[in-house]
Amino acid sequence: MKGDYLTYRRGTSVSLLGLLIQAGMAAGVLIYGRVAGDHAAITLSIFMGVGLIVWMGLGLFYDQQRRERIEAMEAEALAGETGSSSAFESGGEDLRVAARRVQTIQKWVLPVLAVVISALLIAFGFIRQSSAQALTDHDNYGEASLPGWGIAIGLGVAFVGFVFARFVSGMGKQPSWAALRAGASQSVGGAIGGFAIAVANFVELAVGVEEVAMYLPTVLAVAMIIIGGEIALNFLLDLYRPRKAGEELRPAFDSRILGFVAAPDKMAESIGEALSYQFGVDVTGSWFYRLLRRSVALLILMGLIIGWGMTALVVVEPHQRALILTNGQIGQPLVSFGERGEQDVGPGLHIKYPWPFGEAVVPE
């Protein structure tokens, strides 16, 4: 169902708001990266900067949709005044300038923007990955000079980006705003990167473990290449995909990978539909599925916490002995249900501090 001009005006406003928010976050991350010498932060700022093209494309699309609706209302009012047999009825299509612009944007502008975004992400991804390889050597690695600022900015970007992505993805459930899901994907991509930077700086500052910060620039660069490749694949598939009348617009630069993070309920819905098809019953209508769908985020969080807590457990085999390291120093386990020596532990179950604060080393 086609929305009215107020609906598309709201879509335009949200697109411009997303443009401003992402531009502010990208600028903040870039300034921090340059001042602190954080390679990962600069890579993330490039990814978010390329994502500004998505918000600009969405703003242009919804603004033209708004103009087209106003144009259609004016044409209907004029036809009512002059009568249905007037010259405006036969030549009305020639007067629908905004409608032709909407078709041009859908057919040419948005696909071209997808190609540009894909090319930029892949190109910058390879460039940043090449420069990040040297950081994986301890001799060449230089830690960020402002880890506290890295944690603060990373968490700030993660919070703002994820909250705004959830807001926009909620709007995207309406057919008239379906294209906004592409913006939500960009926002949540920045949020994931910001959270990764905060974690890397925290681990290095609190524990002294450099490996997370060393390999994060490479991970972010490879992620840029993967997202760029996905957009290119979406573009190629859209060339051959048959289109139905009234189908929701989903631009090629709408990342399905990041979209799962922005709207995890869509993943649960797809799984439910697949189960219903396989078993021949309405799985999605059961109370258990509805409970699972409402609590999927909480269950994932609980699973991550339990998995992290299990890193505190150490099982030493009967033929082994192990060293318990706490913050890089040889220490003792918190609780032992097995043999304990002066500096090492023997066979049995031992409980230490969870990763990355505690580590068990079994000498070969």
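The structure under discussion appears in the preceding block.
The model shown is predicted, which means the values in this text are computed figures rather than measured ones.

Colleague: Tell me what's going on with the pattern of salt bridges, and back it up with residues and numbers.
Modeller: Applying the stated criterion across every chain yields a total of six salt bridges. A salt bridge links R250 to D254, with the nearest nitrogen and oxygen atoms 2.8 Å apart. Ionic pairing is found between E339 and R321, a salt bridge with its closest N-O pair at 3.0 Å. Here E339 is found in the loop between β4 (335-336) and β5 (348-351), whereas its partner R321 is found in the loop between β1 (313-316) and β2 (323-326), with 18 residues between them in sequence. Given the relative accessible area of 33%, R321 is considered partly exposed. A cluster of three or more residues bridged by salt bridges with shared partners is formed by D63, R66 and R67.

Colleague: An account of the sheet that holds strand β3 (residues 329-331) is requested, with residue identities and associated values reported.
Modeller: Strand order in the open sheet made by the three strands is β3-β2-β6, with antiparallel pairing throughout. Looking at which strands have only one partner, the edges of the open sheet turn out to be β3 and β6 (358-361). This sheet shows a mean twist of 40° between the axes of neighbouring strands, independent of strand direction. Taken together, the four bridges between β2 and β6 define a ladder with antiparallel strand orientation. The residue bridging I324 from the neighbouring strand is A360, located in β6.

Colleague: I'd like a description of the pairing of β1, backed by residues and values.
Modeller: What you see with β1 is a clean split: V314 and V316 sit on the buried side and L313 and V315 on the side with no burial. When β1 meets β5, the two strands line up antiparallel, connected through four bridges. When the sheet's bridge partners are listed, V316 is paired in β5 with G348.

Colleague: Would you mind going over the sheet that holds β1 in detail, with residue names and values included?
Modeller: Across the sheet, which stays open at both edges, the three strands sit in the order β1-β5-β4 with antiparallel pairing between neighbours. Each edge of the open sheet carries a strand with a single partner, namely β1 and β4.

Colleague: A description of the environment of R66 should follow, citing residues and the corresponding values.
Modeller: Checked against the element boundaries, R66 lands in helix α2 (residues 39-82). Distance from R66 to T12, taken between C-alpha atoms, is 8.3 Å for residues 54 residues apart in sequence. Beyond its immediate sequence surroundings of up to four residues, R66 is in contact with Y5, Y8 and R9.

Colleague: Please set out helix α1 (residues 5-36) residue by residue, giving values where relevant.
Modeller: Taking 1.5 Å of rise per residue, 32 residues should cover 46 Å, and α1 covers 46 Å from first to last C-alpha, within 8% of that figure. Residue G37 follows α1 closely and has a positive phi angle near 70°.

Colleague: Lay out the packing of helix α7 (residues 181-206) against helix α8 (residues 211-240) in plain terms, naming residues and giving numbers.
Modeller: Orientation of α7 relative to α8, taken along the N-to-C sense of each, is 160°, at an axis distance of 9 Å. Our classification of the angle between α7 and α8 gives roughly antiparallel. For the element pair α7 and α8, the recorded crossing hand is left-handed. Two secondary-structure elements touch here, α7 through G193, A196, I197, A200, V203 and E204 and α8 through V212, A213, L216 and L220.

Colleague: Account for the nonpolar core, naming residues and giving values.
Modeller: I117, L121, L180 and F253 are the most contacted members of the largest nonpolar core, which has 48 residues in total. Those elements that provide at least two residues to this core are α1, α2, α5 (97-132), α6 (147-171), α7, α8 and α9 (256-262). The element contributing the most residues to this core is α2, with twelve residues. V314, V316, A322 and I324 belong to the second-largest nonpolar core, a separate cluster that totals five residues.

What counts, and where the lines are drawn
- Starting afresh in each chain, residues are numbered from 1 along the sequence in its written order.
- For a predicted model such as this one, the threshold for reporting local features is a pLDDT of at least 70, and the threshold for listing and counting side-chain atom pairs is 80 or more; totals across whole chains, interfaces and linings nevertheless cover every residue.
- Side-chain numbers here rest on the full set of heavy atoms in the structure, without hydrogens or water.
- Put simply, a salt bridge is a Lys or Arg side-chain nitrogen that is within 4 Å of an Asp or Glu carboxyl oxygen.
- Strands here mean DSSP runs of E at least two residues long; helices mean DSSP runs of H or I at least four residues long; both are numbered from the N terminus.
- Classification of residues uses two cut-offs on accessible area relative to the type maximum, computed with a 1.4 Å probe and protein chains only: under 20% is buried, over 50% is exposed, and between them is partly exposed.
- Strands were regarded as paired on the criterion that DSSP finds at least two bridges between them.
- The axes are straight lines fitted to the C-alpha atoms, using for helices just the contacting stretch, and the angles between their N-to-C directions are given from 0 to 180°.
- Contact criterion: two residues are considered in contact whenever any of their non-hydrogen atoms come within 4.5 Å of each other.
- By definition here, a helix of n residues has an expected span of 1.5 Å times n minus one.
- Angles below 35 degrees are treated as roughly parallel, those above 145 as roughly antiparallel, those between 65 and 115 as roughly perpendicular, and all remaining angles as oblique.
- By definition, any crossing whose near helix is turned counterclockwise from its far helix by less than a right angle is left-handed, and any crossing with a clockwise turn is right-handed.
- Note on terminology: a nonpolar core comprises buried Ala, Val, Leu, Ile, Met, Phe, Trp, Tyr and Cys residues joined through side-chain atoms within 4.5 Å.

As far as function goes, none of this settles anything; it's purely spatial.
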